[in-house]
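Fold and geometry: a report
If you want the building blocks of each chain, they are given just below.
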Amino acid sequence: DAGVTQSPTHLIKTRGQQVTLRCSPKSGHDTVSWYQQALGQEPQFIFQYYEEEERQRGNFPDRFSGHQFPNYSSELNVNALLLGDSALYLCASSLGQGRGGELFFGEGSRLTVL
Amino acid sequence: AQSVTQLGSHVSVSEGALVLLRCNYSSSVPPYLFWYVQYPNQGLQLLLKYTSAATLVKGINGFEAEFKKSETSFHLTKPSAHMSDAAEYFCAVSDRWYGNKLVFGAGTILRVKS
């Protein structure tokens, strides 16, 4: 049973570019959440997707957008990259929108913006 | 709004000694509480969770935590530290309606000395 898989694992971009990160949830899960973890910091909630719609959003600008596909996989897009966007981006999946359900995290995509 | 405070950004214990990592939370609604562990360059792994059942929660790898409403605490303990326990530990809170939106504490790095 595959867990949460994310791609790519590492990538380097320059300021102003755009990036797309991908996530496949654990088998049987239908909800995907994205978190940003800057170096030495705790993860910060970006947004959650359920039934192909953004259901909740954290305090992130509109440069951060996402998508969920019918097979429950998800993408995180970041436009006009800033140096401060350098971070580990974690995808987490669960069954349903929460209510105490366990979140399974992927290994993350480490983005470096130069 | 919810928040988590982890006392001590770094904790050092000897192998075989008691591990105690402190977590206090603030929540206007009954919370769900979690402890996650993160090894270097990896994602987050759930150690244990409190979702309103027993206040003493047992998790993986010999860890346990006790929910104390009167003290708004959810401290993590392990009777005997092992070298493999060295990692960063995050306490997190969510509410019962949006369980996927975790608010994390700043984390505690546990060092285990031989």
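All figures in this text were calculated on a predicted structure; none of them were measured in a lab.

Let us now look at the overall build of chain A. When you go through chain A residue by residue, the secondary structure sums to zero helices and eleven strands. Helices and strands in chain A line up, N terminus first, as β-β-β-β-β-β-β-β-β-β-β. The C-alpha radius of gyration computed for chain A amounts to 13 Å, which stays within 12% of the reference 13 Å derived for 114 residues, consistent with globular compactness. When the backbone C-alpha atoms are referred to their principal axes, chain A occupies close to 35 × 25 × 25 Å. Within the span of chain A, comprising 114 residues, buried residues form 53% of the whole. Restricting the contact set of chain A to residue pairs at least 6 apart, pairs at least 24 apart contribute 54%. Looking at chain A as shown, the accessible area adds up to about 5,300 Å², and 48% of this sits on carbon and sulfur atoms. Taking the average place of the 9 positive charges on the side chains of chain A and the average place of its 12 negative ones, the gap between the two points comes to 7 Å.

On to the overall build of chain B. Helix and strand content of chain B: zero helices and eleven strands. Mapped from its N terminus to its C terminus, chain B presents α and β elements in the order β-β-β-β-β-β-β-β-β-β-β. Taking 114 residues into account, the globule formula puts the C-alpha radius of gyration at 13 Å, and chain B, at 13 Å, falls close to it. Each principal axis of the C-alpha distribution contributes one length, and for chain B these read about 45 × 30 × 20 Å. Residues classed as buried in chain B amount to 46% of the 114 residues present. Taking as baseline every contact in chain B between residues at least 6 positions apart, the subset at least 24 positions apart corresponds to 58%. Roughly 5,400 Å² of accessible area belongs to chain B as shown, and the carbon and sulfur atoms make up 53% of that amount.

A separate point is the packing of aromatic side chains. This model, assessed by the stated rule, comprises 13 aromatic pairs over all chains. On the basis of an interplanar angle of 85 degrees and a centroid distance of 5.4 Å, the ring pair of Phe105(A) and Tyr36(B) is categorised as edge-to-face. With Phe105(A) in strand β10 (residues 104-105) and Tyr36(B) in strand β4 (residues 31-38), the pair connects residues from two separate chains. For the pair formed by Phe105(A) and Tyr36(B), the shared burial category is buried. Plain terms: the ring middles of Tyr50(B) and Phe67(B) are 4.1 Å apart, the flat faces sit at 15 degrees to each other, and that makes the pair stacked. Of the two residues, Tyr50(B) is situated in strand β5 (residues 44-50) and Phe67(B) in strand β7 (residues 64-68); the sequence distance between them amounts to 17 residues. A residue is classified by how much of its surface remains accessible, and Tyr50(B), at 6% relative accessible area, is buried. For the cation-ring pair, Lys26(A) lies above Phe104(A), with the distance from its terminal atom to the ring centre recorded as 5.0 Å.

The rules behind these values
The residue numbering used here restarts from 1 in each chain and proceeds along that chain's sequence as written. Here the convention is simple: chains get letters from A, ligands get numbers from 1, in the order in which they are written. Note on the predicted model: pLDDT of at least 70 is required for a residue's local features to be given, and 80 or more for side-chain atom pairs to be given and counted; whole-chain, interface and lining totals, by contrast, use all residues. Remark: hydrogens and water are excluded; side-chain values derive from all non-hydrogen atoms of the structure. Numbering of helices and strands runs from the N terminus; a helix is a DSSP stretch of H or I covering at least four residues, while a strand is a stretch of E covering at least two. The globule rule used for comparison is 2.2 Å times the number of residues to the exponent 0.38, while the radius of gyration itself is calculated over C-alpha atoms. Relative accessibility thresholds used throughout: buried, under 20% of the residue-type maximum; exposed, over 50%; partly exposed, between the two (1.4 Å probe, protein chains only). We call two residues in contact when some of their heavy atoms are within 4.5 Å. Only the protein chains shown count as cover for residues, with accessible areas throughout obtained via the Shrake-Rupley method and a probe of 1.4 Å. Positive charges come from Lys and Arg alone, negative charges from Asp and Glu alone, with His and the N- and C-terminal ends not counted. By convention, the point assigned to a charge is CZ for Arg, NZ for Lys, CD for Glu and CG for Asp. We call Phe, Tyr and Trp rings a pair once their centres come within 6.5 Å, taking the six-membered ring for Trp, and we label the pair stacked below 30 degrees between planes, edge-to-face above 60, and tilted otherwise. Two limits define a charge over a ring: the Lys NZ or Arg CZ must be within 6 Å of the ring centre, and within 35 degrees of the ring normal.

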